[in-house]
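Overview (structure and organization)
What follows is each chain in one-letter form.
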Amino acid sequence: MHGKFLTAGVAACALLAVAGARAAEVNYAAGITGNAVQVFEELVAPWEEATGHDARLVPMPASTTDQFGQYRLWLAAQNKDIDLYQTDVIWAPQLAEHFVDLKEAAGDLVEKHFPSIIESQTVDGRLVALPLFTDAPALYYRKDLLEKHGAAVPTTWEELTETARKIQDAERAEGNGDIWGFVWQGNAYEGLTCNALEWIKSFGGGQIVEPDGTISVNNEAAIAALDLAASWPGTISPQGVLAYKEEEARGVWQTGNAVFMRNWPYAYGLGNGDDSAVKGKFDVTVLPRGGDSDTSAATLGGWNVAVSRYSDEQEAAISLAVYLASPEAQKRRALIASNLPTIIDLYDDPEIAKEQPIIPRWKDVFLQAVPRPSAPTKTAYNEVSSLFWSAVHDTLSGNGTAAENLEILEADLEALKGDGW
Amino acid sequence: MATVAAPAQPISPKGRSELKAQRVRAAMWFLLPMVTALFLVAAWPLLRTIYFSFTDTTLNDLGGGEWIGLQNYLSWRTLSSGRTIFRGVLADPNWWNAVWNTVYFAVVSVSLETVFGVIVALVLNAEFRGRGLVRAAVLIPWAIPTIVSAKMWGWMLNDQFGIINDLLLKLGLISEKIAWTASPDTAMLAIIIVDVWKTTPFVALLVLAALQMVPREIYEAARLDGVNPVKVFFRVTLPLIRPALLVAVIFRTLDALRMFDLVYVLTPNSSATKTMSVIARENLIDFNKFGYGSAQSTLLFLLIAGFVLLYIRLGRLNLGGRGL
């Protein structure tokens, strides 16, 4: 007995000594939607095995606005507990000074990514975050319902409005009382900025603040776009869409209660899961265009990983960041989570094309991606976005017309801009 | 301090004053830890916030703000066209909207909680079997952390899968699903419903404690005299529980004026429900305007401080009136 215990004890000590020499525990803060926790565990397993380090996920709320508030607070307090932050594509200019420059650590990896995404994460020559995946929303539609009612896939917002209403009315007449035409993200938060930017841009109404800093939001096309959108809640969309974020919209969609949905690629994999009521019954396409415009628009989203300047385990953290942005990790992520890679070559990868046929097709969506005005408005972006989504939310809930609200918005933005952003 | 000032033995004046000084010194030492703790957790953050409100500090660089006087509160400049524009919290329509929301919320929710709290307490004060169990059950909403109950109600009030809409539909009270937290007309109502649900037990508990102190003989006397129950309530019960009720109302009002969590979880960005705390946090953190947000926090503090002073004054008058 004694001998056995002794051997076990020695073995344990030896293990501890080996592990103690280099094993670090790094904390990774990220917003959680869908099955993100499992995806993270699967994704970091090879890295943990190779390095002996331990990566722990710190789950954060799904809303990017909530995450940003918390991260800003932690970073301002120089919090040492979080080593890596998963950052939204729009945050780089606002949080740059708290993050480590990853240019050197990433080396050749930088060249493999879409240059525009790398550029969006470069602030004053410092690469403050490495891209994990990109995001561009698409229009999800129910193949079965469109076929059943003899409708074509809409290419304009006007067609979508009409088709949604037609199918919704017909389905309800057949006793499907819970069906809605179109669900999207109408809550007053960053997601509404994305949705509304797509409407306005695809109507030819510009992108709120143009790359050169001009405020362009108050124009006829933008007003027409918002007027059309304001007609949706209560007709083809539930009134509650004004409180929906991504997950609420997906909830209605995935229970089979919506004909169309605007959402990010993550909903594709989940919608085809075994517990989904719409499995195999839907497809995706580019978002519609509107008015006289001939191009549609999809807001460029995407997430990146940044290493905190205040981390005690910077070396291990940087190693994890580089691993997560590497082709092998991005491929795994594409396969298990249907996230869009930021590495150009992966769009031609045969295995991805086979497992996630949607990803090569998303290239079309990606080509029409429009950035939010986070670069021209610099540190004022959050306030610009908040003013914009408030004006849109007011319009959608019938609190003033589009023309009135956009005029006020323009004045507010002018005041915020002052002599320059 | 009362014990310090109550020496009973007749001692010579000199010895007495020395003893007194010694006792005061000892008392000071005993008070020191608490005073230090209070200074660190209450006074220091408060003074720092007030200081920040006179600077243009940002959250990215807390030490780098410059003194800008009262500009966060109010400033104006005249444009070349002759038009004068005002800036600052006091000229900010969003701030006044938040003030209105907060006051409206405080008045409505505290009134409802008081009325329901008294009713619940009266019921619980009655003798019936299983009273202990019911008393414990009523306290549950108060015991659940607000963030949890807010999330729970968020799902219950969800327009598509929410149980509230489902129940109301089945009972035939509404003809179509209501988007409780989405529509500006019902958002505040939803917040008030959740708050009333959560804090009525608090009022009930305080009132119940007071009810149990009311001597039974008074009720017996009233019954013998044949006074009707409604009159007994307004003439006997209410005056006797008034001090406790007042405490409950004050506590609730102070709480309601700094209302944050429910709104932040249920309707974070709806201008129909944004309270002063929510808007101050938004400026402090989301918009990186730390000085401006501090100015809003300071105004909120002044409002609550004013309310407390008013309460203390009213409390004194009441005590004086009763000749105690």
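Note that the coordinates shown come from a computational prediction; the quantities given were computed from them, not determined experimentally.

What counts as what
Residues numbered from 1 in each chain as written. Chains lettered and ligands numbered in written order. Predicted model: local features only at pLDDT ≥ 70, side-chain atom pairs only at ≥ 80, totals over all residues. Buried ≥ 20, exposed ≤ 12 C-beta atoms within 10 Å, placed from the backbone. Helix = DSSP H or I, 4+ residues; strand = E, 2+ residues; numbered from the N terminus. Pairing = 2+ DSSP bridges. Contact = placed C-beta atoms within 7 Å. Nonpolar A, V, L, I, M, F, W, Y, C, P; charged D, E, K, R; others polar. Domains from an automatic or database assignment. pLDDT = per-residue confidence, 0-100. Expected span 1.5 Å × (residues − 1).

**Details of the pairing of strand β3 (residues 84-88) of chain A**
All names here are of chain A. Among the 5 residues in β3, 5 count as buried, and that is most of the element. Of the two faces of β3, the one lined by L84, Q86 and D88 and the one lined by Y85 and T87 are each fully buried. The pairing of strand β1 (residues 25-31) with β3 spans 2 bridges and is parallel. Across the sheet, the residue bridging to Y28 is L84, located in β3. Here 5 bridges tie β3 to strand β12 (residues 301-307), and the two strands are oriented antiparallel to one another. In the sheet register, Q86 faces β12, and the bridge partner there is V305.

**Observations concerning the environment of D159(B)**
Following the sequence through the fold, D159(B) ends up in the loop between α5 (146-156) and α6 (163-170). In the structure, D159(B) is positioned 43 residues away from F202(B) in sequence and 29 Å away in space, judged by C-alpha atoms. With residues up to four places along the chain from it excluded, the contact list for D159(B) reads P238(A), Q239(A), G240(A), N165(B), K177(B), I178(B), A179(B), W180(B) and A182(B).

**Here's the deal with the interface of chain B and chain A**
Opposite the 19 residues of chain B that make contact, chain A presents 22 residues. For the side of chain B that touches chain A, the per-class residue count stands at 8 nonpolar, 8 polar and 3 charged.

**Some thoughts on the domain arrangement of chain A**
Residue and element names in this part refer to chain A. Domains assigned within chain A are domain 1 (2-135 + 301-370) and domain 2 (138-299 + 373-417). Here the C-alpha centre of domain 2 lies 30 Å away from the C-alpha centre of domain 1. Every contact between the two is made by 22 residues of domain 1 and, on the other side, 29 residues of domain 2. Elements supplying a minimum of two residues to the side of domain 1 that touches domain 2: α3 (64-76), α4 (92-95), α17 (358-367) and β13 (369-370). The element contributing the most residues to the side of domain 1 that touches domain 2 is α17, with 4 residues.

**Notes on the confidence of the model for chain B**
Residues and elements named next belong to chain B. This prediction gives chain B a mean pLDDT of 87; 92% of its residues lie at or above 70. Looking across chain B, the model is least confident in strand β2 (residues 84-87), with a mean pLDDT of 82, and most confident in helix α2 (residues 93-125), with 94. Low pLDDT (under 50) marks residues 1-7, which in the prediction has 5 contacts with non-local residues, meaning those over four places away or in another chain. Overall, residues 319-324 carries pLDDT values under 50, and its contacts beyond four positions in sequence, including any with other chains, amount to 1 contact.

**Re helix α10 (residues 190-202) of chain A**
The end-to-end C-alpha distance of α10(A) is 19 Å, a good match for the 18 Å that 13 residues give at a rise of 1.5 Å each. At the exit of α10(A) stands G204(A), carrying a positive phi of roughly 80 degrees.

**Overview of the pairing of strand β7 (residues 138-142) of chain A**
Residues and elements named next belong to chain A. Taken across its 5 residues, β7 has 5 buried, putting it largely inside the fold. Note: β7 against strand β9 (residues 258-263), 4 bridges, orientation antiparallel. Counted as the bridge partner of L139 is R262 from β9. Where β7 and strand β10 (residues 282-285) come together, 4 bridges link them in antiparallel fashion.

**Describing unusual backbone geometry**
All names here are of chain A. Of note, I208 is a non-glycine position whose phi angle comes to about 70 degrees, a positive value. When you line up the elements, I208 lands in the loop between α10 and α11 (220-230). Of note in the backbone geometry, K378 takes a positive phi value of approximately 50 degrees without being a glycine. By the secondary structure assignment, K378 is in the loop between α18 (374-377) and α19 (381-396).

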